[in-house]
Amino acid sequence: MNEPVFDVAIMGYGPAGATLANLLGLYGLACVVLEKDAEIYPLPRAIHFDGEVMRVFETAGLRAAVETISRPGLTGMHFNNAQGETLLIRGGTNARGPHGCATNHYFHQPELEGVLRQGVQRFDCVQVRQQQEVESIEEDAQGATLQVKDMQSGARSHVRARYVIGCDGARSLVRKLLGSGKTDLGLHQPWLVFDVRLKADVPALPDHTVQHCDPARPMTYCNVTGNRRRWEIMLMPGDDPAKMVQPETLWPLVSPWLTPAQAEIERAVIYTFHSTIAQGWRRGRLLLAGDAAHQMPPFLGQGMCAAIRDVANLAWKLDAVLRGRANEELLDTYESERAPHARAFIELAVTLGDIIQTTNPQAARERDAKFKAGQPTIFEFPTPRLGPGVWLGEAAPVAQIFPQPELQDGRWLDQVIGLHFAVLGDPELLSQVSPETRQLWQIHGMVVCPSTDPNIAAWLKTQQVAAVVLRPDRYIAGVARSAAELDEISRCLPQVAESVH
Ligand SMILES: Cc1cc2nc3c(=O)[nH]c(=O)nc-3n(C[C@H](O)[C@H](O)[C@H](O)COP(=O)(O)OP(=O)(O)OC[C@H]3O[C@@H](n4cnc5c(N)ncnc54)[C@H](O)[C@@H]3O)c2cc1C
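What this report covers is the structure whose coordinates are included nearby. Model, not experiment: these values are computed from the prediction.

## Section: the overall build of the protein chain
Helices and strands together make up the secondary structure of the protein chain, namely 15 helices and 26 strands. Overall, the C-alpha framework of the protein chain stretches about 70 × 60 × 40 Å when taken along its three principal axes. Contacts in the protein chain between residues far apart in sequence, at least 24 positions, make up 72% of those at least 6 positions apart. About 20100 Å² of surface is accessible on the protein chain, with carbon and sulfur atoms providing 51% of the total.

The structure is reproduced here in structure tokens:
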């Protein structure tokens, strides 16, 4: 009966599962990843992630590797009407944006997943078992038992773990086991996704992504990486899905930009874009992350980004609970914090979907007039606040992501903080906190950064505060003007019941 009990079983080795495996590997937790497929999912999916997500990859020690397979997109995304006039632009910032990198990065999802999986190989504490389908899970007081089928031999076995994270995608078994309902945000629309490889440069194709808001046939076209280009094409009433993916249909659809002589088809597939969010991301030892917890249409390029934010939020909480620095209830703050944040992005993607997917010509004319075609409105990604959880403060910037300044010594802030909590502030104020606060900081390995660094001092000055407490996922736990306020914020840090004062 001496079977191994893993700290965490990660179900699913997509971007959510692979990123979580890297983060938990860094924490040194004993993990097993169970993935039913033999290979990385080959069909076209994500091509964009944002600067905050690059910071998670950086924390995982993978920024340099990710940079080799991605490119910064500095000119954002343009929403054009049928006449080619720009209505709206989602902006792009340069390589020194608020996160210490560009705000938009483009990539080919299978290549990114390859980098993430290679990263996992660094950790002896993480076992990856592919072609292993989890068929059922049973919980008990000590942990969970996963019944697993070997996809090659058909043999069945089981795995024990203290927690199970369902990173098992949109059709999640874990979500079904949790019995979670879904909030439906209303958008469900089939789109054809069509990837090509250019044979040579096509100067007419722009560097930025274009949402071609033509009521006759809404489309998106994007520069991915290298010679890869993507078209996403909305299905219209009467379209035959089987015919839509055939070359004789595909080429005429993209003929305003491309001819068969200029490119070869890589893949064409129809997806139905959804906008839903699960209600109930945790029950006992089972939790959800990524597409298992939420799905969003890709008009903002944020579905996978939300998945990566989920696991960045969850990883440090799992570590704190599994190592006895926090009670299990800390894991409930995962959904309460993340669900409203993910929802803010889904709602914006649905709003943009309404703009793009307008098929009534009169409504399209009214839309164009409203956006004053030719004088585009520029917007950036929102920075929503987390829902209720491990933070204290009435208003932003508390519960928002903290920027990543470059420090005077040439390092970036995240390199200094690593996997820990951090307090940045006036040295005198930091020395005045209570012994209880000091003890709590010690328990959490709090990184203390005096505000002698000009970039940190500048941020504190702008916010008119003397100190800021950051969590390991770089969200702001609180800002303080006095040692007493710093003591109060510190009391919201995770703790075990006995040490609550
Ligand atoms: C056309 C399109 C474009 C997109 N563009 C973007 C974009 O630009 N930017 C962006 O951020 N997002 C984008 N997305 C969304 C993004 O692809 C997904 O959000 C992301 O793949 C979700 O990752 P995940 O790890 O949660 O799930 P998945 O990638 O679906 O991984 C789930 C894994 O779980 C495994 N699994 C399932 N059940 C079991 C089981 N019982 N046992 C073992 N293993 C199991 C599966 O085999 C799979 O490998 C796009 C999606 C589409 C369809």
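## Structural notes on the pairing of strand β18 (residues 276-279)
Where strand β12 (residues 181-184) and β18 come together, 4 bridges link them in antiparallel fashion. Counterpart to Gly181 in the pairing with β18 is Gln279.

## So, the sheet that holds strand β5 (residues 77-81)
In space, the 8 strands of this open sheet follow the order β17-β13-β16-β15-β14-β5-β6-β22, with mixed pairing throughout. With one partner strand each, in any of the chains shown, β17 (263-273) and β22 (377-379) form the two edges of the open sheet. Across this sheet, the average inter-strand angle for adjacent strands is 15°, counted without regard to direction. As paired elements, strand β6 (residues 86-90) and β22 share 3 bridges and run parallel to each other. Bridge pairing links Ile89 to Ile378 in β22.

## Some thoughts on the environment of Leu173
Mapping Leu173 onto the fold places it in helix α5 (residues 173-178). Accessibility expressed as a relative area gives 24% for Leu173, which makes it partly exposed. Residues Leu173 and Glu113, spaced 60 residues apart in sequence, show a C-alpha to C-alpha distance of 22 Å. Setting aside residues no more than four positions away along its own chain, Leu173 makes contact with Met11, Val134, Glu135, Ser136 and Asp168.

## Let's talk about the sheet that holds strand β4 (residues 70-72)
Read from one edge to the other, the open sheet built from 3 strands follows the order β3-β7-β4, with strand pairing classed as antiparallel. The outermost strands of the open sheet, each flanked by one partner alone, are β3 (48-50) and β4. When strand polarity is set aside, the average angle formed by the axes of neighbouring strands in this sheet is 30°. For β4 and strand β7 (residues 104-107), the ladder comprises 3 bridges, and the chain directions are antiparallel.

## Observations regarding the site of the ligand
Close contacts around the ligand come from 33 residues, with Glu35, Arg45, His48, Asp291 and Met304 the closest. His48 has a polar backbone atom sitting 2.8 Å from a nitrogen atom of the ligand. Within the backbone of Met304, one N or O atom sits 2.8 Å away from an oxygen atom of the ligand. Protein coverage of the free-state accessible area of the ligand, which is 1000 Å², stands at 91%. Where the shell around the ligand is concerned, the elements lending two or more residues are α1 (15-27), β2 (31-35), β9 (132-139), β16 (228-234) and α8 (303-322).

## Looking at the pattern of salt bridges
One pass over the full model with this rule turns up 34 salt bridges. Put simply, Glu135 and Arg156 hold a salt bridge, and the shortest N to O gap is 2.7 Å. Within this pair, whereas Glu135 is found in strand β9, its partner Arg156 is found in strand β11 (residues 156-166), the two being separated by 21 residues in sequence. On the basis of relative accessibility, which here comes to 32%, the residue Glu135 falls in the partly exposed class.

## Overview of the packing of helix α13 (residues 435-443) against helix α15 (residues 483-490)
Orientation of α13 relative to α15, taken along the N-to-C sense of each, is 45°, at an axis distance of 10 Å. One way to sum up the angle between α13 and α15 is to call them oblique. Crossing of α13 over α15 shows left-handed handedness. Of the residues in α15, those touching α13 at Thr437, Leu440 and Trp441 are Leu486, Asp487 and Ser490. The residue makeup of the contact of α13 with α15, split by class, is 3 nonpolar, 2 polar and 1 charged.

## Considerations on the nonpolar core
The biggest cluster of nonpolar side chains holds 122 residues, and the ones touching the most others in it are Leu146 and Leu486. The element best represented in this core is α8, accounting for 14 residues. Beyond its immediate chain neighbours, meaning those up to four positions away, Leu146 contacts Ala9, Met11, Leu34, Val134, Ser136, Ile137, Ser157, His158, Val159 and Val164. Counting 22 residues, the second largest nonpolar core, distinct from the first, contains Leu386, Trp391, Val398 and Ile476.

## Some remarks on the side chain of Asp214
Structurally, Asp214 is set in the loop between β14 (209-213) and β15 (219-223). Although buried, Asp214 forms no salt bridge, and the nearest oppositely charged side chain, Arg367, lies 7.1 Å from it.

## Side note on α15
Among all positions in α15, only Ala483, Leu486, Asp487, Ile489 and Ser490 are buried. All buried residues of α15 lie within an arc of 165° about the axis, which places them on one face of the element. Next to the buried residues of α15 lie β23 (422-425), α12 (427-430), α13, β25 (467-470) and β26 (476-480).

Parameters and conventions
Residues numbered from 1 in each chain as written. Predicted model: local features only at pLDDT ≥ 70, side-chain atom pairs only at ≥ 80, totals over all residues. Heavy atoms only, no water. Helix = DSSP H or I, 4+ residues; strand = E, 2+ residues; numbered from the N terminus. Contact = heavy atoms within 4.5 Å. Areas by Shrake-Rupley, 256 points an atom, 1.4 Å probe, with all protein chains shown as cover. Pairing = 2+ DSSP bridges. Axes fitted to C-alpha atoms, helices over the stretch in contact; angles between N-to-C directions. Buried < 20%, exposed > 50% of the residue type's maximum accessible area, 1.4 Å probe, protein only. Near = heavy atom within 4 Å. Polar contact = N/O pair within 3.5 Å; in protein donor to acceptor, adjacent residues only side chain to side chain. Salt bridge = Lys/Arg side-chain N within 4 Å of Asp/Glu carboxyl O. Parallel < 35°, antiparallel > 145°, perpendicular 65-115°, else oblique. Left-handed = near helix turned anticlockwise from the far one by under 90°. Nonpolar A, V, L, I, M, F, W, Y, C, P; charged D, E, K, R; others polar. Core = buried A, V, L, I, M, F, W, Y, C linked by side-chain atoms within 4.5 Å. Lys, Arg positive; Asp, Glu negative; His and termini not counted. Arc of directions from axis to C-beta.

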